[in-house]
Amino acid sequence: MTTYVAGHRGMVGGAILRKFEARGETTVVRTHAELDLMDQAAVRDFMQTERPDQVILAAAKVGGIHANNTYPAEFIYDNLMMEANVIHQAYAAGVRKLLFLGSSCIYPKMAPQPMSEDALLTGPLEFTNEPYAIAKIAGIKLCESYNREYGTDYRSVMPTNLYGPGDNFHPQNSHVLPALIRRFHEAARNGTQEVVVWGTGTPMREFLHVDDMAEASLFVLDLDRETYAANTEPMLSHINVGTGTDVTIRELAETIARVTGYKGQISFDATKPDGTPRKLMDVSRLSRMGWTATIGLEDGVSSTYEWFLSQEPGNLRSA
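Fair warning: this is a prediction, and the values are worked out from it, not measured in the lab.

1. A few points about the overall build of the protein chain
Within the protein chain, the regular secondary structure consists of eleven helices and 13 strands. Taking 2.2 N^0.38 as the reference for a compact globule, 319 residues should give roughly 20 Å; the C-alpha atoms of the protein chain span a radius of gyration of 20 Å, in line with that estimate. Looking at the protein chain as a whole, 49% of its 319 residues qualify as buried. Carbon and sulfur atoms form 51% of the exposed surface of the protein chain, whose accessible area is close to 14,300 Å².

2. As for the sheet that holds strand β10 (residues 239-241)
Judged by pairing direction, the sheet is parallel, and its six strands sit side by side in the order β2-β1-β3-β4-β5-β10 without closing on themselves. What marks the edges here is a single partner per strand, and that holds for β2 (26-28) and β10. On average, adjacent strands in this sheet sit at an angle of 25 degrees to one another, irrespective of strand direction. Here strand β1 (residues 2-6) pairs with strand β3 (residues 54-57) via four bridges, running parallel. Paired with Tyr4 across the bridge in β3 is Val55. Each of β4 (97-101) and β5 (153-159) is contacted by helix α5 (residues 130-150), which is oriented at about 155 degrees to β5, the strand it contacts most.

3. Describing the layout of surface pockets
For the second largest pocket, the calculated volume is near 200 Å³. If you go around the second largest pocket, you meet 13 residues; those closest to its centre are Asn147, Tyr228, Ala229, Thr232 and Pro234. Every element with two or more residues in the lining of the second largest pocket is listed here: α5, β5 and α8 (225-230). Its residues placed into classes, the lining of the second largest pocket shows four nonpolar, four polar and five charged.

4. Re the sheet that holds strand β8 (residues 204-205)
If you walk across this open sheet you meet the three strands as β11-β8-β13, and the pairing is mixed. Each edge of the open sheet carries a strand with a single partner, namely β11 (247-248) and β13 (278-279).

5. Things to note about helix α9 (residues 249-260)
For α9, with twelve residues, the first-to-last C-alpha span of 16 Å sits near the 16 Å given by 1.5 Å per residue. Within the sequence span of α9, burial applies to Ile249, Leu252, Ala253, Thr255, Ile256, Ala257, Val259 and Thr260. Looking one or two residues beyond α9, the residue adopting positive phi is Gly261, at roughly 80 degrees.

6. Quick word on the pattern of salt bridges
The final tally for this structure, using the stated rule, is 13 salt bridges. Note that Arg44 and Asp45 form a salt bridge whose closest N and O atoms lie 3.3 Å from each other. Judged by its relative accessible area of 42%, Asp45 is partly exposed. For Arg182, the salt bridge identified is with Glu186, shortest N-O distance 2.9 Å. Pair noted here: Arg182 and Glu186 are both in helix α6 (residues 176-190), with a separation of four residues, about one helical turn. When its relative accessible area of 14% is taken as the criterion, Arg182 is described as buried.

Basis of the calculations
Residues numbered from 1 in each chain as written. Predicted model: local features only at pLDDT ≥ 70, side-chain atom pairs only at ≥ 80, totals over all residues. Heavy atoms only, no water. Helix = DSSP H or I, 4+ residues; strand = E, 2+ residues; numbered from the N terminus. Rg over C-alpha atoms; globule rule 2.2 N^0.38 Å. Buried < 20%, exposed > 50% of the residue type's maximum accessible area, 1.4 Å probe, protein only. Areas by Shrake-Rupley, 256 points an atom, 1.4 Å probe, with all protein chains shown as cover. Pairing = 2+ DSSP bridges. Axes fitted to C-alpha atoms, helices over the stretch in contact; angles between N-to-C directions. Contact = heavy atoms within 4.5 Å. 1 Å grid on protein atoms, 1.4 Å probe; cavity = no way out; pocket = protein on both sides within 12 Å on 5 of 7 lines; lining within 4 Å. Points joined across faces, edges and corners; volume = space filled by probe spheres on them. Nonpolar A, V, L, I, M, F, W, Y, C, P; charged D, E, K, R; others polar. Expected span 1.5 Å × (residues − 1). Salt bridge = Lys/Arg side-chain N within 4 Å of Asp/Glu carboxyl O.

Geometry only, nothing functional implied.
Here's what the structure looks like:
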């Protein structure tokens, strides 16, 4: 059994690759320099030559709010091209099983909490990342449409906020958890007396360690077809992946302060935006199938901080 892992240099793809290697399974990978997934002919030639048994599509153009808001055309175009090329050329090469990785941003901005799979396409999306979300929704529908027409077994998983080894700790371009790890680390190191966090600290967010996401991905990929079909619907087949629990931004900041050894004051700037009050995934579908997350937030933050320290200064990316 040979698996092509697209996006193996990213945080999620790298974690998935490590899981396959730990199981002693054969994988195929290509860097962007070796294979441009936006090049249809190149992807076709790769698939026809390698003929993998299954594909995990973890490659994507990703970024935070600023990047999504600044480069909307790139986010929708690049992601549409990558997923269309990989999914279609996998089918053309006879690949029967594929796993597409999406994002919790596919759900409407005001979706009921916790967000269940059937909330998809029930309301307007968050404006700032709508292009990226539309591309991810299209990926789900590509998988479902190929299943309907060609009898393939293409599945989709939608993770909540991810963190862990390989994350981006850039002070402006990173997501909230790695950004706070870096800020509290630097504050502890420099003896800073106060760290100011944007917003009121009351919004609630869910965080999933990337190693749990990798385990869940392989779990879903390995499910027999009957079990997967019995727990999904043909045109509502994606599966949420998360912990099923959330914390306030204040609680997150306090956890990171403990882990990094920061002893100063934590304050919140209520003049800055809070964003959506709550974003929690309903993970009952995956739980019924037999998988739940195992890495608690404090343990996950601790191991991520250890990785961060092992990379410094290499992980403090300037762009």
